[in-house]
Number of protein chains: 2
Amino acid sequence: MQIVNEHRRKDIHNSDIPTVCAACEARHGGVCGTLTPDQLLDLSRHSTRRSIEPGREVIGQGETTESYANIIKGVVKLSKVLADGRQQIVGLQFAPDFMGRPFTRESALTAEAAVDTDICCFPRTVIDRLVAEAPGLEHRLHEQALKELDEARDWMLTLGRKTAQEKVASFLYIIATHIDPENGTANEFDLPLSRADIADYLGLTIETVSRQITKLRKDNVIRIENSRHVNVPSLDRLMHVAGID
Amino acid sequence: MQIVNEHRRKDIHNSDIPTVCAACEARHGGVCGTLTPDQLLDLSRHSTRRSIEPGREVIGQGETTESYANIIKGVVKLSKVLADGRQQIVGLQFAPDFMGRPFTRESALTAEAAVDTDICCFPRTVIDRLVAEAPGLEHRLHEQALKELDEARDWMLTLGRKTAQEKVASFLYIIATHIDPENGTANEFDLPLSRADIADYLGLTIETVSRQITKLRKDNVIRIENSRHVNVPSLDRLMHVAGID
DNA sequence: TCGGCAACTTGATCAAAATCAAAGGCGTCT
DNA sequence: AGACGCCTTTGATTTTGATCAAGTTGCCGA
C-alpha cells in the first residue's frame, strides 16, 4: 500500500495535466491522471462538488449508485450491517481516493463521511463513457480495485487473528499512514473516527477499544489529548505492538 | 455473488468461442470469453496444465508471480500469516475462477490447493501482451477483482461481527453455493477444507469449529458422514442460522 | 456559569471461545 | 490383524473480550 501511494504521487507530478480539473480539485489524485485534456475538460464540466458533515450518508446500502466521486478532503467509512443491527466497517477511504462501484448498479455498502468531507462527484454516465473511449481509465480503476482488495485482505488477517490490543494498534497504524498521504506517515494526528466507529472497524465493543487505548497510553506507546488527538513517539514500537513484522 | 455467477454462465453460453482453448479446458470460464479466435489460439499455445495435490503451494507469500492461471478443477486457498505463525485464509477460489495478481510483481498471499486441483497457467508476459491489445480482457480482469473485493468485504462482516455458530453456517453456505457453480447451489457436497483450514478461514480454533459443526448436526441443520460429506436439508434454515437475511 | 447531553472511561460480572488434555475414528503400512 | 499417525471429537478449565452499570469529561447552548 506504500507502493501504491508512491505510484499515485508520481502520476500526479510527472503528468502534464492541465488545471481544468481545478474546478473540483480532483487533479490532486483520483482518476484524472489518465485522461486527455479534452476528456478532463469534459469531466470537469459534469462534476459537482459536495460537502458532507460527519455521519451523513454518501450512498446507502442497496441504493443505486448514480455517481462516482473523488474524495477531495476527509475520510469516508464503508460499512455493512446485519439484519439485527450489528455493523462492520469494511473499508476506509481517504483523500484522494476514488470512490465508486464500477459495473455494478447496486451498492452492497453504505458510505458515510467520518469527518467533514468534500467530494467531487461525476455522474456514472460520464465515467462510463470515458471508460469506453479511454482504456487507461479502466486500468486506473482496476488498480484502485486491486489496492482496495489488498487492503481488505490485510484487514481480514487483523479481524480474524489479532488480539484486541493488536487490533487497536493496527488501526492507529493505518490512520498514521493514510491520514495525510502527501506527507507520508504522520506521528501526530487527529483520529477521524469515534470510539464507536473504531469498534465497528475492529470488530470489538466501545469499552474494549477504550480500555486498549488506555493500555497503549499507560505503556507509553501513544500519547493522547482530547481523546481524539494522538501522538506516536515511535512508529516501530506501534508496529511491533500491532503484530506487523 | 449470485449475480456474478449468473453473468459468468451467460458469458460462456452466449459467446461463440472456438474450442482451441480446449487444450486446457479453460473455455469453461476464466478469461477466455473476451478474446478473438487468434488470441485464444495464441494463449492456448503458451498455456501449460498443472495438477496440484492438496497442501501444495501454488504461489508463495512474497514470491514473484510469474504466471496467471485458470482453475480448471478444485479449490485454492489464499492465505496470509503473521510472523508468529497465526494464519488467516483470506479467500477461496473455485473453478472456473481466474487467479493472479495483475500489475503486481509481488504476491502478498500464499496460494495453496485445498483439494486435488488442476490449473491452466499462462505466463504473465502473454497475459500482459493480450491485455495491451484486447481492452475487453482488462475489463474481464477488473470484474474479477471487483467480485473478489465484494466477497472479501462480505467475509469481513462475518469475521468481525458473527458468532462462531454463524461463522460456521456462513462457511457451509459459501461452499454450498460455490462448490459446483455450473449446477447452482448444492445441498449435498464434500467439504474441500479440513477442520484446521475451516478454522483458519473463520478466525476460530479447530475445537470450536468441531463443536459448532456438532451443534448444527444435533440441531438438524445439517447431516454429516465421514466428517467431510455434508447434506443440507434446507438452505433457508442454514442461511437463517448464518445470519444471512 | 450552569445544566444537559453525548462521548468516553472505568469497574464488576458474565459468557463465548481459547487452551489444555485426552480419547476416538479411520486409513495406511507392515 | 495390529500398530502407527493423522484428523476429529469431546471434556475440563482458563482467558479474553462482552455485557451491564456507574461515573467522568468535555462541549454547547441557555
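To keep things clear, this report deals only with the structure shown in the data block.

Conventions we followed
Residues numbered from 1 in each chain as written. Chains lettered and ligands numbered in written order. Predicted model: local features only at pLDDT ≥ 70, side-chain atom pairs only at ≥ 80, totals over all residues. Heavy atoms only, no water. Least-squares fit on C-alpha atoms with pLDDT ≥ 70 in both. Phe/Tyr/Trp six-rings, centres within 6.5 Å; stacked < 30°, edge-to-face > 60°. Helix = DSSP H or I, 4+ residues; strand = E, 2+ residues; numbered from the N terminus. Buried < 20%, exposed > 50% of the residue type's maximum accessible area, 1.4 Å probe, protein only.

1. Digging into the relation of the copies chain A and chain B
Relating the two copies of this chain is a rotation about some axis coupled with a shift parallel to it.
Link 1 in the chain: In the superposition of chain A on chain B (RMSD 0.0 Å, axial shift 0.0 Å), the rotation amounts to 180°. What the rotation and shift describe, once combined, is the action of a two-fold rotation axis.

2. Things to note about the packing of aromatic side chains
Link 1 in the chain: Tallying each qualifying case throughout the model produces 6 aromatic pairs over all chains.
Link 2 in the chain: Measuring from ring centre to ring centre gives 5.7 Å for A:Tyr68 and A:Phe98, while their planes differ by 15°; the resulting arrangement is stacked. Of this pair, A:Tyr68 sits in strand β3 (residues 67-73) while A:Phe98 sits in strand β6 (residues 98-99), placing them 30 residues apart in sequence.
Link 3 in the chain: Residue A:Tyr68 is classed as buried on the basis of its relative accessible area, which comes to 2%.
Link 4 in the chain: Overall, A:Phe98 belongs to the buried group, its relative accessible area being 3%.
Link 5 in the chain: Taking 4.4 Å as the distance between ring centres and 15° as the angle between the ring planes, the aromatic pair formed by B:Trp155 and B:Tyr201 counts as stacked. With a gap of 46 residues between them, B:Trp155 in helix α4 (residues 135-161) and B:Tyr201 in helix α6 (residues 195-202) connect regions that are remote in the sequence.
Link 6 in the chain: Given the relative accessible area of 4%, B:Trp155 is considered buried.
Link 7 in the chain: We classify B:Tyr201 as buried; its relative accessible area is 5%.

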